[in-house]
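# Observations on the model geometry
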Amino acid sequence: MNSLRRTCVLIPMVAKKLLLLTSGLVLALSLRAGSDSQKELTSVSLPGFSPERAKAQRQLEKTAREIPDSQNLKRLMERLAAEPHHLGSPYGRENAEFLLEQFRAWGFEASLETYEVLFPTPKDRLLELVEPTRFQARLQEPVIQEDPDSGDRGQLPTYNAFGGEGDVTAPLVYVNYGIPEDYEELARQKIDVRGKIVLARYGQSWRGIKVKLAQQRGALGCIIYSDPFDDGYYNGDPYPEGPHRPAEGVQRGSVMDMPVHPGDPLTPGWGSISGARRLARDQADVIMKIPVLPISHAEALPLLRALKGPVAPKPWRGALPVTYHIGPGPAKVRLKVFFTWSQPTLYNVIARLEGKARPNEWILYGNHHDGWVNGASDPVSGLISLLETARTVAELARQGSRPDRTLIFCAWDGEEPGLIGSTEWVETHAKELREKAVVYLNSDTTGKGVLGMGGSHLLEPFFNGVIREVPDPPSKRTVWESVREHRLEEVKSGKEKREIQTRRDLRLGALGAGSDYTPFIHHLGVSSLNIGFSAEETAGAYHSIYDSTHWYTHFSDIDFERGRVLSQISATTLLRLANAEVLPFDFLSLSETVDRYLEELESLAKARKPPKPIDFSPLKSANQALARMATRYQTAFRQASVSGTLWSHPRIEELNRILYQAERSLTEDSGLPRRPWYRHLIYAPGFYTGYGVKTLPGVREAIEEKEWDQVAGQIRAASAALARLTRQVEAAAGIVESR
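For every chain, the first residue of the written sequence is number 1, and numbering continues from 1 onward in sequence order. For a predicted model such as this one, the threshold for reporting local features is a pLDDT of at least 70, and the threshold for listing and counting side-chain atom pairs is 80 or more; totals across whole chains, interfaces and linings nevertheless cover every residue. Side-chain measures here rest on the full set of heavy atoms in the structure, leaving out hydrogens and waters.

### Comments concerning the pairing of strand β16 (residues 437-442)
β16 sits mainly inside the fold: six of its six residues count as buried. When strand β14 (residues 358-368) meets β16, the two strands line up parallel, connected through five bridges. Residue pairing in the sheet places Ile-363 in a bridge with Val-439 of β16. Think of it this way: DSSP has to see at least two bridges between two strands before they count as a pair. Comment: elements are numbered from the N terminus, with helices defined as DSSP H or I runs of at least four residues and strands as E runs of at least two. Judged from the three bridges that link them, β16 and strand β18 (residues 528-533) form a sheet pairing that is parallel. The residue of β18 that forms the bridge with Tyr-440 is Ser-528. The classification of residues rests on relative accessible area computed with a 1.4 Å probe and restricted to protein chains. Under 20% of the type maximum is buried, over 50% is exposed, and intermediate values are partly exposed.

In structure tokens:
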């Protein structure tokens with residue numbers, strides 16, 4: 001999956017002044033331009049480090065950034081993306097064993113953790129136009145001569161995993177992107193999709209939501225195609241002349257109802273280990289009931305030509321040479337899909353470098369290793385950066401610089417069908433992870449563009465500090481300066497621009513779903529980051545047979561320079577977290593962000609016109625209390641840092657435990673309405689957005705869907721979560737003050 005386009009949604013607004021935590025000093029700063037902030041940052045100690053340790057840490061990080069090698073990245077991609085390596089494939093297992101050998105050769109304690117998981121592969125696929133003319137789709141991507149991997153054996157055919165089965169014939173209706181707003185437009189035009197087959201285009205939402213909404217509205221089947229307006233020649237030359245999706249290219253992908261829960265559909269909430277209890281397949285609530293197929297725009301064109309009825313509204317029109325009609329009819333199609341339902345073995349690779357001082361505090365870094373086909377971009381581009389990071393920290397350990405906290409590197413299997421490998425591992429090890437996991441770092445696809453970054457807002461100042469120190473060649477800027485410049489170019493309003501110019505830290509995007517951070521933050525409440533360089537061009541090879549080393553080395557990170565910088569960023573992140581004497585978590589940044597979410601909720605409520613005013617005061621009061629306690633903690637921290645007593649505090653281990661357990665306070669065992677697996681009450685993927693995040697999700701979705709009787713209860717739940725966090729911060733402040 002491509003996590004960057006899903007998770008790094010930036011919604012800048014004018015921010016308040018913050019008290020910013022550093023290791024020896026809390027700086028009450030007037031907000032300044034980025035260049036002044038950069039100069040000031042390099043003159044102070046590192047957050048979480050005593051002055052003596054900070055100097056050594058900076059030198060260690062500088063050494064670490066010199067180790068990653070672009071040629072290593074290239075060789076690793078050529079090896080890992082040489083053959084199709086989906087879940088259950090022979091080369092998928094070979095890759096897992098290769099990764100295991102690499103980690104062990106570098107000095108890690110490494111093992112394969114296996115699970116038997118449900119995974120459907122297509123047995124029978126048919127799509128044909130039966131009226132008013134006849135056309136049968138090939139449902140196969142052609143080999144491209146310039147790309148030898150496009151003809152590899154063992155490719156999964158074009159299909160959507162975890163769709164329903166059936167053989168249905170019905171009139172066709174074009175539903176644009178197939179999102180809730182589109183069905184509202186259909187209702188205004190009195191067009192009903194009950195008993196019909198819908199044709200939706202990729203984009204604007206995750207593919208599974210298109211199927212879910214069609215199913216809920218009574219459709220018998222769903223077809224999803226890639227319109228060239230969004231993903232093809234409208235944006236530039238198609239592959240192989242350019243990077244964009246060719247006429248017969250198809251986007252595979254899962255349509256599992258992951259907003260309910262990811263992982264093996266038969267073991268929701270518990271690990272699918274040998275002997276585990278499993279649901280019957282018809283009891284699994286995340287498998288769709290109606291058949292679905294993805295097709296190319298070349299195969300969609302005859303279907304659209306055959307449609308009549310109202311002309312589609314202008315925003316519904318794509319780039320194909322046809323008048324876009326909605327239907328229904330006279331086009332009638334037959335859609336047939338049946339699967340082989342098997343339980344292949346899934347191979348997670350887990351590599352551990354035990355910490356020398358705090359071995360029971362874990363910093364984890366993961367990237368998946370399975371792809372839909374060869375997967376050079378998704379996921380190998382991110383995986384090879386993880387491997388170079390692992391080699392870097394192993395080399396430093398060999399030289400005598402073993403980290404204080406334990407580092408765990410994870411190469412997940414089964415991410416593409418539904419975050420299966422990471423979810424099953426988290427569910428299996430949930431008790432130990434709740435006790436020991438400090439931060440989870442995730443990468444997925446990476447490319448040649450600007451750094452995308454999302455994560456827990458407790459980590460926002462910390463991560464800004466990391467990227468302020470990583471060079472961004474070939475320019476003489478830092479990564480932080482490059483991201484800032486890009487955002488200034490992208491913003492549309494003066495208000496947003498002023499915030500970027502004046503706010504000390506660049507905002508992290510809130511995490512929705514779509515990659516392997518999901519079970520860590522949303523199920524367990526482990527503070528998480530998701531990073532990677534985005535593609536400057538649309539990902540025309542995404543989930544197709546053309547996602548190959550040839551495509552990547554011609555149209556993405558050609559010289560692997562971005563991949564090397566990603567390794568430098570991740571190595572700096574891991575080492576700084578692993579060696580910090582006091583974990584650099586920032587509660588004021590979270591409180592300020594929640595303030596913004598509350599403003600958004602008030603605007604949303606006005607737009608939805610509730611029958612009576614919504615009382616947001618419990619949430620506001622809870623967040624104000626958090627802000628006050630966060631200020632108290634940082635004031636105490638400043639005083640203890642300046643006096644030097646913090647670094648030898650007798651309760652420093654207890655303090656660290658309180659800090660890394662803080663995010664857990666924002667979870668609730670009963671979870672969110674309709675989906676108890678999702679327990680975080682500040683962030684969640686939207687029930688009807690899939691990958692896209694909903695902040696304060698219980699409250700927000702109740703308002704969006706006008707479930708007015710649920711709003712007050714969700715406000716109470718979110719307020720209680722903030723109150724729990726405030727008590728955690730109070731405990732931390734009490735320890736620091738007790739010196």
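### Describing helix α4 (residues 70-80)
Buried within α4 are the following residues: Ser-70, Asn-72, Leu-73, Leu-76, Met-77 and Leu-80. Angular distribution of buried residues about the axis of α4 spans 155°; they occupy a single face of the element. Contact between two residues is taken to exist if any of their heavy atoms lie within 4.5 Å; hydrogens are not considered. Looking at the buried positions of α4, the neighbouring elements they touch are α5 (90-106), α10 (376-398), α18 (549-555) and α19 (561-579). By the criterion applied in these results, polar contacts are pairs of N or O atoms within 3.5 Å in which, for protein atoms, one can donate a hydrogen and the other can accept it, and in which residues neighboring in sequence qualify only through two side-chain atoms. The N-cap of α4, judged by a side-chain oxygen 2.7 Å from the amide nitrogen of Gln-71 a few residues on, is Asp-69. In this context, the arc is that of the directions from the helix axis out to the C-beta atoms.

### Description of the sheet that holds β16
Strand pairing within a sheet occurs via backbone hydrogen bonds; the two strands may be parallel or antiparallel. Here we have seven strands laid out as an open sheet, ordered β3-β13-β15-β14-β16-β18-β17, and mixed in their pairing. This sheet does not close on itself; its edge strands, each paired only once, are β3 (109-116) and β17 (451-455). With direction set aside, neighbouring strand axes in the sheet form an average angle of 20°. Note on definitions: angles span 0 to 180 degrees between N-to-C directions of axes, and those axes are lines fitted to C-alpha atoms, for helices only across the stretch in contact. Along the sheet face, α19 touches β14, β15 (405-412), β16, β17 and β18 and points at about 160° away from the line of β18.

### Digging into the nonpolar core
General note: in soluble globular proteins, nonpolar side chains tend to be found buried as a group. Nonpolar cores were defined as sets of buried Ala, Val, Leu, Ile, Met, Phe, Trp, Tyr and Cys residues, with membership established by side-chain atoms within 4.5 Å. Of all hydrophobic cores here, the largest spans 223 residues; its most connected members are Phe-409, Phe-463, Ile-569 and Tyr-633. Among residues more than four places away in sequence, those in contact with Phe-463 are Leu-451, Met-453, Leu-508, Leu-529, Ile-531, Ile-569 and Thr-573.

### Some points on the environment of Lys-74
Mapping Lys-74 onto the fold places it in helix α4. Judged by relative accessible area, Lys-74 falls into the partly exposed class, the value being 30%. Sequence spacing of Lys-74 and Gly-690 is 616 residues, and the spatial spacing of their C-alpha atoms is 33 Å.

### Observations concerning the pattern of salt bridges
Close approach of charged atoms allows side chains with opposite charge to pair. When a carboxyl oxygen of Asp or Glu is within 4 Å of a side-chain nitrogen of Lys or Arg, the pair counts as a salt bridge. Inspection of the entire model under this criterion finds 44 salt bridges. Linking Glu-78 and Lys-74 is a salt bridge whose minimum nitrogen-to-oxygen distance equals 2.7 Å. Here Glu-78 and its partner Lys-74 are both found in helix α4, four residues apart, which amounts to about one turn of the helix. Look at Glu-78 and you get partly exposed, because its relative accessible area is 39%. Residues joined by salt bridges that share partners form a network here, namely Glu-460, Glu-499, Arg-503, Arg-507 and Glu-592.

### Structural notes on a nonpolar patch on the surface
Residues Phe-229, Tyr-233 and Tyr-234 make up a contiguous nonpolar surface patch of about 310 Å² in total accessible area. Considering the arrangement of structural elements, one finds Tyr-234 in the loop between α8 (228-231) and β10 (253-254). Like-charged residues are merged into a patch within 9 Å and nonpolar side chains (Val, Leu, Ile, Met, Phe, Trp, Tyr) within 5 Å, provided each residue has over 30% relative accessible area and no salt bridge. Residue-level accessible areas treat just the shown protein chains as cover; the underlying method is Shrake-Rupley with a 1.4 Å probe.

### So, the pairing of strand β12 (residues 332-342)
Here strand β4 (residues 119-131) runs beside β12; their pairing, made up of eleven bridges, is antiparallel. Within the sheet, the bridge partner assigned to Arg-125 lies in β12 and is Val-337. Pairing analysis gives six bridges linking strand β7 (residues 166-174) to β12, with the strands arranged antiparallel. By the bridge assignment, Asp-167 is partnered in β12 with Lys-336.

### Digging into the environment of Met-77
If you trace the backbone, Met-77 turns up in helix α4. Residue classification places Met-77 among the buried residues on the basis of a relative accessible area of 0%. For the pair Met-77 and Ala-105, spaced 28 residues apart in the sequence, the C-alpha separation amounts to 18 Å.

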